Amino acid sequence: MKCFLPVLSCLAVLGVVSAQRQVAVQEGPLYRTEGSHITIWCNVSGYQGPSEQNFQWSIYLPSAPEREVQIVSTMDSSFPYAIYTQRVRSGKIYVERVQGNSALLHITDLQARDAGEYECHTPNTDERYFGSYSAKMNLMVIPDSLQSTAVRHTLHRVEQDPLELTCEVATETLQHSHVSVAWLRQRGGEKPVEVIALSRDFVLQSSSDYAQRQSLGEVRLDKLGSGTFRLTVFHLQPSDQGEFYCEATEWIQDPDGSWYPMTRKRSEGTVVNVQPTDKEFTVRLETDKRLYTVGEPAEFRCILEGQNTPDRYFAVSWAFNSSLIASMGPNAVPVLNSEFTHREARGQLKVAKESDNVFVLKIYHLRQEDSGKYNCRVTEREKTVTGEFIDKESKRPKNIPIIVLPIKSSISVEVASNASVVLEGENLHLSCSIRTAGRPLGRFSVIWQLVDRQNRRSNIMWLDRDGTVQPGTSYWERSSFGGVQMEQVQPNSFSLGIFNSRREDEGQYECHVTEWVRAVDGEWQVVGERRASTLVSITALETGFAVTAISRTPGVTYSDSFDLQCIIKPHYPARVPVSVTWRFQPVGTAEFHDLVTFTRDGGVQWGDRSSSFRTRTAIEKAESSNNVRLSISRASDTEAGKYQCVAELWRRNYDNSWTRLAERTSNLLEIRVLQPVTKLQVSKSKRTLTLVENRPIQLNCSVKSQTSQNSHFAVLWYVHKPSDADGKLILKTTHNSAFEYGTYAEEEGLRARLQFERHVSGGLFSLTVQRAEVSDSGSYYCHVEEWLLSPNYAWYKLAEEVSGRTEVTVKQPDSRLKLSQAQGNLSVLETRQVQLECVVLNRTSAASQLLVEWFVWKPNHPERETLARLSRDATFHYGEQAAKNNLKGRLHLESPSPGVYRLFIQNVAVQDSGTYSCRVEEWLPSPGGTWYRRAEDTAGQTAVQVMRPDAALQVDTVVPNATVSEKAAFQLDCSIVSRSSQDSRFAVAWYSLRTKAGGKRGSPGLEDGEEEGEEGEEEEEEDPTERTALLSVGPDAVFGPEGSPWEGRLRFQRLSPLLYRLTVLQASPRDTGNYSCRVEEWLPSPQKEWYRLTEEESAPIGIRVLDTSSTLQSIICSNDALFYFVFFYPFPIFGILIITILLVRFKSRNSSKNSDGKNGVPLLWIKEPHLNYSPTCLEPPVLKSAREDDVHSLCLKGKMPEGWLELGRIMKI
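Below is a short write-up of the structure. Just so it is clear, the structure is predicted and the values come from calculations on it, not from any experiment.

This part covers the overall build of the chain. Within the chain one finds 14 helices and 84 strands. Restricting to contacts in the chain with at least 6 residues of sequence separation, those with at least 24 account for 61%.

Bringing the pattern of salt bridges into the picture now. Counting across every chain of the model gives 59 salt bridges. For the salt bridge of Arg453 with Glu506, the shortest nitrogen-to-oxygen distance reads 3.3 Å. One end of the pair, Arg453, is in the loop between strand E35 (443-451) and strand E36 (457-463); the other, Glu506, is in the loop between strand E39 (493-498) and strand E40 (507-518), and 53 residues separate them in sequence. On the basis of relative accessible area, Arg453 is assigned to the exposed category, the value being 53%. Here Glu506 falls in the buried class, since its relative accessible area comes to 14%. The salt bridge partner of Asp912 is Arg890, with a shortest N-O separation of 2.8 Å. Taken together, the positions of Asp912 in the loop between strand E71 (900-905) and strand E72 (914-925) and Arg890 in the loop between helix H8 (880-884) and strand E70 (891-897) put the pair 22 residues apart, joining distant regions of the chain. By sharing partners, the salt bridges in this structure join Arg284, Glu286, Asp288, Glu299, Arg301 and Glu305 into a single network.

The next point concerns the packing of aromatic side chains. This model, assessed by the stated rule, comprises 20 aromatic pairs. Here the aromatic rings of Phe545 and Tyr572 are separated by 6.1 Å at their centres, their planes lie at 65 degrees, and the arrangement is edge-to-face. Residue Phe545 is found in the loop between strand E41 (524-539) and strand E42 (546-550), and its partner Tyr572 is found in the loop between strand E44 (562-569) and strand E45 (578-586); the two are separated by 27 residues along the sequence. Overall, Phe545 belongs to the buried group, its relative accessible area being 4%.

With that settled, consider the state of the cysteines. In this structure the tally under the stated criterion is eight disulfides. Paired by a disulfide, Cys42 and Cys120 hold their sulfur atoms 2.0 Å apart. What sets the handedness of the Cys42 and Cys120 disulfide is the S-S torsion sign, and at about -90 degrees it is left-handed. Linking Cys42 in strand E3 (residues 38-45) with Cys120 in strand E8 (residues 116-121), this pair joins segments that are 78 residues apart in sequence. Each member of the pair, Cys42 together with Cys120, is buried. Through a disulfide, Cys432 is tied to Cys511; the S-S separation comes to 2.0 Å. Where Cys432 bonds to Cys511 through sulfur, the torsion about that S-S bond is close to -85 degrees, and the disulfide is left-handed. Of this pair, Cys432 sits in strand E34 (residues 428-435) while Cys511 is found in strand E40, placing the two residues 79 residues apart along the sequence.

Turning our eyes to something else, we now look at the layout of surface pockets. Computed from the structure, the largest pocket encloses a volume of approximately 600 Å³. Leu216, Glu218, Val283, Arg284 and Pro397 are the residues nearest the centre of the largest pocket, which is lined by 23 residues in total. The element contributing the most residues to the lining of the largest pocket is strand E21 (residues 281-287), with six residues. Grouping the constituent residues of the lining of the largest pocket by class yields six nonpolar, eight polar and nine charged.

Quick look at the sheet that holds strand E16 (residues 219-224) now. The strand order across the open sheet formed by four strands is E10-E12-E17-E16, and the pairing between neighbours is antiparallel. The sheet is open, and its two borders are formed by strand E10 (147-149) and E16, each paired with just one other strand. The average angle at which neighbouring strand axes cross in this sheet is 20 degrees, direction not considered. Where strand E12 (residues 163-170) and strand E17 (residues 228-233) come together, six bridges link them in antiparallel fashion. By the bridge assignment for E17, Thr166 is matched with Arg230.

Among the residues of helix H2 (residues 82-89), Tyr84, Thr85 and Arg87 are the ones counted as buried. Looking at the buried residues of H2, the elements they touch are strand E4 (56-60), strand E5 (69-73), strand E6 (93-99) and strand E7 (102-107). Just downstream of H2 lies Gly91, where phi reads positive at about 85 degrees.

A separate point is unusual backbone geometry. Looking along the chain, the bond that leaves Gly28 and enters Pro29 is cis, with omega of 0 degrees. With respect to the secondary-structure elements, Pro29 resides in the loop between strand E1 (22-25) and strand E2 (30-33). In this structure, Pro570 follows Lys569 across a cis peptide bond, with omega equal to -5 degrees. Mapped onto the elements of the fold, Pro570 is located in the loop between E44 and E45. The residue Ser322 is not glycine, and still its phi comes out positive at about 70 degrees. Mapped onto the fold, Ser322 is located in the loop between strand E24 (313-320) and strand E25 (323-328). Phi at Ser559 takes a positive value of approximately 70 degrees, unusual for a residue other than glycine. Topologically, Ser559 is positioned in the loop between strand E43 (555-557) and E44.

Now for the environment of Pro397. When you line up the elements, Pro397 lands in the loop between strand E30 (389-395) and strand E31 (400-405). As a C-alpha pair, Pro397 and Arg284 span 113 residues in sequence and 5.5 Å in three-dimensional space. In this view, Pro397 contacts Val283, Arg284, Leu285, Asn375 and Cys376; residues no more than four positions away in its chain are not counted.

Rules used throughout
Residues numbered from 1 in each chain as written. Predicted model: local features only at pLDDT ≥ 70, side-chain atom pairs only at ≥ 80, totals over all residues. Heavy atoms only, no water. Helix = DSSP H or I, 4+ residues; strand = E, 2+ residues; numbered from the N terminus. Contact = heavy atoms within 4.5 Å. Salt bridge = Lys/Arg side-chain N within 4 Å of Asp/Glu carboxyl O. Buried < 20%, exposed > 50% of the residue type's maximum accessible area, 1.4 Å probe, protein only. Phe/Tyr/Trp six-rings, centres within 6.5 Å; stacked < 30°, edge-to-face > 60°. Disulfide = S-S within 2.5 Å. 1 Å grid on protein atoms, 1.4 Å probe; cavity = no way out; pocket = protein on both sides within 12 Å on 5 of 7 lines; lining within 4 Å. Points joined across faces, edges and corners; volume = space filled by probe spheres on them. Nonpolar A, V, L, I, M, F, W, Y, C, P; charged D, E, K, R; others polar. Pairing = 2+ DSSP bridges. Axes fitted to C-alpha atoms, helices over the stretch in contact; angles between N-to-C directions.

This is the structure we're talking about:
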């Protein structure tokens, strides 16, 4: 631990310096024995966070050097591994915290398995990782092979008998180690007492109980052979009774150089009983030391040890070099030899009995001849019955030789002074210190001497051995005034004080010390002399004495103050007085006269010609120096001139008289009194001021600095117009606050609008132009004149300066007019109403007036046209577009809220389509009361599209075909299923549909089978249908001409508003064919004009007119029995024939793609086009040609299977 704490301190210091975490552990390897108690220290430094750190100990076993085995932690009780848990819990392994940053690991019962590499880890408490957080060391556990053996037995001895005991000590440690052996004695429960020991360094030592006996050779320890240690006590004493045992300790040196006791073994004890003898006694002679100096005292003690000594009689004699000094019988009365009787009479020697067991010989003042051998003899005497004493046993100890050396002075002298260089007049203090090797032998006499520059020696003062102080011849007078003093501060320290030093005190100061010792005969004799010196330099007061006059204000202005400084150098202490006189030479004169004197005693004396200065002049001397300041206030021309100071240096003598040492005159100072230098500064900053008309124009003129607080100012305000060469005066205020208007104010009529103000601060002037107009724009500036009151109380203009310009722009208010820019698209039907909105989102002023105008862009017309205008006075006017499009009656205006204007167009027509917008002008009143247009804006556009109604006309497309007889009448109906408007009118026309020659059919019908079988990808050509009008009826119910084939045979009927019928009378076979009707829907426009909205054509109507002659079809169809006979009974016969024909036909037409069915199977019938047919036989289908036969008609009616169609074709062929 003694080595451990310094290491911790060093590591702590290093940690602070390095400013990074550092963990240190005890240096290894350490060798420790099994079963011993080991401690390992660990320290952390350079860390941050809490002062108390935590420690975690782990071990890396030699069997697994890479695996960490946790042992113990100061922060986590669950930290130990299982193999260490029990030992940690039982306290055999624990951590002792020495300080907040250091700890000790304790293992109380070290085991062999505890050997390994130990790691000390400190968890991080820093803000970042920086440094080392763990350290390692090795521990080697070795067997405990130390043995200490002795035979256990009990010995009985008699007092004064010798005692010998032996002990065997052995060790088999392979490492280098030392063994220490000690013999101890223990009595009962007392603490063991060390008799004698051999340390690891092979040094013999004993405890205090046996130290004296060991020094006399009464106790010995001898080593016999390699491991046997023998204890010998030559003369046993009763106090030696007890148990004696041998204790061996094995030491090993650690890597840090310290020795560590690895193990300690104790042998079996031997009990020694000492039987005292009743008549036996021993004598021992003792003294404190063997070497003395002449004059020192010496004491010899003869100690008697025995039983019942108070009841026994002993005689003691003292001898020196075998010559008797004195003897003392049982009555304790000493009898001295004649030679020593004189010394005993003078108190230099004494023989006495201190107690029953102790007899002393004291020599108070040793002489050099007292060197030799001293001894005592003790004789026991027995008192007889007659009272006589007879000698019995006599004993004496060994001689004790002493040496008395002659007296030698061991003093040394050292001289010190308060300063090696002092200023003349300062006090000089010197000390003379005497040092001795021991205590002083006698007394000292001291002489102070001075060796000057010419090497002349003089005695200053001296002090003799009796303490008397005497001054030297040349210092007698100064000493009488207390200028030189000497005293003995301490027994070995003497001081010399020289007060108010002078130049002749400079030199080498020497202290001469003589040591005196009183001899045996009482006379004083010198035993030694020593001297020491020191050099002291005295600096003359006038050295460097100089005077300088300075002034920080060589030029001053009227009414100002100025200071004159008289600087005295060097800086003298307060004890050195300096008188200072100020002298003055006015301007225009040739001689100086004294103004004022500051005397050496601090008084002030005014000169004869200084009356004009007294009331305005102050003189002051600095407390810390001799500098004198002359202050003159309210300077005028009378104070202008040259100034000079004269200084005198004085010294006070030791007899309180004064001596003027030197006089110095300063340089000349010329003071000029002038008018004050102007400090007038007017703000030069340029400003740009833009404001709206009717607002005030605020103009500032700022005086940034002025010459005096009492300055007055005259301010002139100017304006400069771009058209003018110079500025024009607006207003002037004089230094006495009078007002004068300038020509510009009169010409422009500004007097009523001007306002001048001087602020409380005094340096700010303001001019305000109320109700600004655009014509007030210009560059404004001020002209400032500074006026001061002179010492004769008259005002004078000191300076003038022009300020920076303020560019003022008065403008009309910024336009904030803003219309809604929302874009719109409106689609409305004719005759409906359109709403156009113009929204003012923001305006420049609430007092403004608005003019609103609507206009429109027509399709294909790039120029806009005005619809309407709402003037500022809310008058509504129509535009040219309103008259052109008949809008005057259809326009309507309303404003539901301020800023919202709505224009309504009623009963819109298609020609009202276009892009509409509005434009707003904002008018403001000027300061003069007139109105002017300030802003305008156009709103977002709205595209309006007026559409006619959607066409909803629909004509019935499902019309039945009809078959009529010749000369009969047939009807062609035209039915309108829906119409676009209730106001609609219709134009109806009927047409006969014929196919043009060589063209395709225009109505449903059949083509030849070959044509049907061709590819269906033919492109559509022009309409092959030829239309022939039968009759047309206009929307105004006017009939058109009848078609020539039907002229005179047509009859028109309107059965309902939506049903029209045309009847064809006297039908003939030529009327057979397809017919259709076309309907045109007409609507009235808002201008009451009719226009065609749409047209629609009906589906074709098939009409077939039968010839009056009989036909096979008519006969068969008119008789049911015949119908079944013809078509059903022959079926079996014709079935076989049809199949045969179909097979032949299939082979002949195998190359045609359109005739093949799916997957190449021939069709049993031909594809037919869509036909409209009647539900009765009397209404056969009408095709585009009359080439079809009756069989086809029967198939379509469902009375004949479709398979018979092919049969009908064959029969027709």
